[in-house]
Structure formats: C-alpha cells, structure tokens
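Now for the letters of each chain:
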Amino acid sequence: MLEFVDLSKSYPTEGGNRRVVLHPCSLQVPPRTKLGLLGRNGAGKSTLLRLIAGTQDPDAGEIIRNGEVSWPIGYAGSFNKDLTGAQNTLFVARIYGVDTESLKDYVCEFTELGEFFHMPVRTYSSGMKARLAFAVSMGIPFDIYLIDEVTSVGDGRFREKAARVFAETLKESGAVFVSHSVGQIRKLCDAGAVLDNGVLTYYPDVEEAIEAHEANMKKKASA
C-alpha cells in the first residue's frame, strides 16, 4: 500500500514566490494497484515520482510505504560512472540483500551489453545505461515499481522483451507508471491519478483518469 498524508511540494521562483507542484494531498493506493500518473508536460509527475522514491523531500506531510519501493526504473543517474556495469550491479545487489552472482548473471544476459558489461559505465550510451538500469530493477523483487517511460528504450526487439518481462513482474506487484502514451497507461494500469495545477486526483478506474486528463488537455488547447 502507498499512502500520502497531507503531502505537499513547491519550489522557489524568481521574485520570492513559489511554484506549487503539489497542494496538500491525502490519498491511499491499495496494494498491487497499477497506478497511471497523468498530467500535462511540466505538471510535476517526475517530481512526484522522486517524492515516492524518497530521493526528494516534500515541503510537508509524509508518504507511508508498506513494502519495498524501487527507484525510478530507467534512471541511471545513481550508477558510479567509473565502475563497470557488472560492478554497479554487484553493488546494488549488496545494498538490497539479493544474491550477487544471480543478479549479475541475469543483468548480463538481459541487457545484451556483451563486453560493455565489463566496461566503465561512462563509456555507455544513454540507451545502454537505460538497459542496465531496467535490468537491475527487474532482477530485484519490489512491492511497488516506479516507472517513467521505461519500455521505450532500445530497438523494437528489446522493447518487446522489456515489455514482456515488465508485464510478468507486475503480476505480483504494484506500480506507479508515468507515460505520455495514454495507450500504455490503458494497457498496463488499472487505476489512475491526474496531476493538474498542483492538485492530485485519484481515480480507482483508469478510464476515468484518462477521461479527466484528456478533458484538461482540451481546456489547455482551447485557452
């Protein structure tokens, strides 16, 4: 289960004002829910994902996480660029208490990085780093996965493989999924939340969330 208790977030702007990303919000997301997070560009979806991950602090309130929560999948910024892909994988395995060799073997096979798996991450392209981050995430069992456009990396064949593994993994887990593709949200999620002008609204039915989001987009287009 994921719960927000009077959670709020804002940033300072020029002139001494603050831009509100999230007005005080309280909501409960049931266990194993696949939640699609919808909103306009710049609405603060990625900020909200970082709040859930615990990599950013709210202004006030708290997030109650009943279970292990992943980092934002696809995000490779926490890798040590001077270590190899294999060494970074082993480091993450030790942090999360999983079998080091099993995770290394899984990530090596899944990423298809070949010799690059044993080269420093600073030599990787952005796509290679995304593959590594995705594979490490899928190799560790989490109760809630945080996903930001993760299955869009790589070529068509890799995207299909990633989507299959992702769908299988989510059968026993919950997720918070950010995507610009309403089709992906509809396919992967059963509930939704819409972030608009700092107000987060939860919908137990993903179709209701999509309808509300599309109505907001039409208002913006006609303004």
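The structure this text deals with has already been given above.
Rules behind the numbers
Residues numbered from 1 in each chain as written. Predicted model: local features only at pLDDT ≥ 70, side-chain atom pairs only at ≥ 80, totals over all residues. Heavy atoms only, no water. Helix = DSSP H or I, 4+ residues; strand = E, 2+ residues; numbered from the N terminus. Rg over C-alpha atoms; globule rule 2.2 N^0.38 Å. Buried < 20%, exposed > 50% of the residue type's maximum accessible area, 1.4 Å probe, protein only. Axes fitted to C-alpha atoms, helices over the stretch in contact; angles between N-to-C directions. Parallel < 35°, antiparallel > 145°, perpendicular 65-115°, else oblique. Left-handed = near helix turned anticlockwise from the far one by under 90°. Contact = heavy atoms within 4.5 Å. Nonpolar A, V, L, I, M, F, W, Y, C, P; charged D, E, K, R; others polar. Patch = residues over 30% accessible without salt bridge, like charges linked within 9 Å, V, L, I, M, F, W, Y side chains within 5 Å. Areas by Shrake-Rupley, 256 points an atom, 1.4 Å probe, with all protein chains shown as cover. Salt bridge = Lys/Arg side-chain N within 4 Å of Asp/Glu carboxyl O. Lys, Arg positive; Asp, Glu negative; His and termini not counted. Charge placed at Lys NZ, Arg CZ, Asp CG, Glu CD. Pairing = 2+ DSSP bridges. Phe/Tyr/Trp six-rings, centres within 6.5 Å; stacked < 30°, edge-to-face > 60°. Lys NZ or Arg CZ within 6 Å of the ring centre and 35° of its normal. Disulfide = S-S within 2.5 Å. Expected span 1.5 Å × (residues − 1).

Engineer: Break down the overall build of the protein for me, citing the residues and quoting the values.
Structural biologist: Summing up its helical and strand segments, the protein has seven helices and nine strands in all. Taking 223 residues into account, the globule formula puts the C-alpha radius of gyration at 17 Å, and the protein, at 18 Å, falls close to it. Principal axes of the C-alpha set define a box for the protein whose edges measure 50 × 40 × 35 Å. By residue count, 47% of the 223 residues in the protein fall in the buried class.

Engineer: Lay out the packing of helix α2 (residues 85-96) against helix α3 (residues 100-111) in plain terms, naming residues and giving numbers.
Structural biologist: Two numbers describe how α2 lies on α3: the axes approach to 9 Å, and their chain directions differ by 135°. On the basis of the axis angle, α2 is oblique to α3. With respect to the hand of their crossing, α2 and α3 are arranged in right-handed fashion. When α2 is examined against α3, the residues Ala86, Thr89, Leu90, Ala93 and Arg94 are found in contact with a partner set consisting of Thr100, Glu101, Leu103, Lys104 and Val107. Among the residues making up the contact of α2 with α3, the classes are represented as five nonpolar, two polar and three charged.

Engineer: Summarise a negative patch on the surface; cite the residues concerned and give the values.
Structural biologist: There is a patch of like negative charges on the surface, built from Asp205, Glu208, Glu211 and Glu214. Along the chain, glutamate 211 falls in helix α7 (residues 206-222). Take glutamate 211: its relative accessible area is 60%, and that puts it in the exposed class.

Engineer: Provide a residue-level description of the sheet that holds strand β2 (residues 18-29), including the pertinent values.
Structural biologist: Ordered by their spatial adjacency, three strands build an open sheet running β2-β1-β4, and the pairing between neighbours is antiparallel. Looking at the sheet topology across the chains shown, the edges are occupied by β2 and β4 (60-65). Recorded for the sheet is a direction-independent mean angle of 20° between the axes of neighbouring strands. Pairing geometry for strand β1 (residues 2-12) and β2, over eight bridges, is antiparallel. Each residue of the ladder has a partner; that of proline 12, found in β2, is arginine 18. On the sheet, helix α1 (residues 45-53) packs against β1, β2 and β4 and is oriented at approximately 125° with respect to β1.

Engineer: Would you mind going over the packing of aromatic side chains in detail, with residue names and values included?
Structural biologist: Aromatic ring pairs: the centre-centre distance and the angle between the two ring planes describe each pair. Tallied over the full model, the rule gives eight aromatic pairs. Aromatic side chains tryptophan 71 and phenylalanine 142 sit 5.5 Å apart centroid to centroid with 85° between the ring planes, which places their arrangement in the edge-to-face category. Residue tryptophan 71 is found in strand β5 (residues 69-73), and its partner phenylalanine 142 is found in the loop between α4 (126-138) and β6 (144-148); the two are separated by 71 residues along the sequence. Every member of this aromatic cluster is reached through a ring pair, and the members are Trp71, Tyr96, Phe142 and Tyr145. Note that lysine 161 overlies the ring of phenylalanine 110, its terminal NZ or CZ placed 4.5 Å from the centroid.

Engineer: Now, about the state of the cysteines: what can you tell me, with residues and values included?
Structural biologist: Summed over the entire model, instances satisfying the criterion amount to zero disulfides. Sulfur of cysteine 189: no disulfide; nearest cysteine sulfur belongs to cysteine 25 and is 17 Å away. Accessibility expressed as a relative area gives 9% for cysteine 189, which makes it buried.

Engineer: Summarise the sheet that holds strand β8 (residues 191-196); cite the residues concerned and give the values.
Structural biologist: For sheets, the rule is that strands pair by backbone hydrogen bonds, running either parallel or antiparallel. If you walk across this open sheet you meet the six strands as β5-β6-β7-β3-β8-β9, and the pairing is mixed. Edge positions in the sheet fall to β5 and β9 (199-203), since each has one partner strand and no second. Here the average twist between neighbouring strands, direction ignored, is 15°. Judged from the five bridges that link them, strand β3 (residues 34-39) and β8 form a sheet pairing that is parallel. Residue pairing for β8: glycine 36 is matched across the bridge by glycine 192. Strands in contact with α4 are β5 and β6; relative to β5, the strand with the most contacts, it is inclined by about 165°.

Engineer: Tell me what's going on with α4, and back it up with residues and numbers.
Structural biologist: Between its first and last C-alpha, α4 extends 18 Å over 13 residues, near the 18 Å set by a 1.5 Å rise per residue. Restricting attention to buried positions, one finds in α4 the residues Met128, Ala130, Arg131, Leu132, Ala133, Phe134, Ala135, Val136, Ser137 and Met138. On the buried face of α4, the contacting elements are β5, α2, α3, β6 and α5 (156-169).

By themselves these figures say nothing about function.
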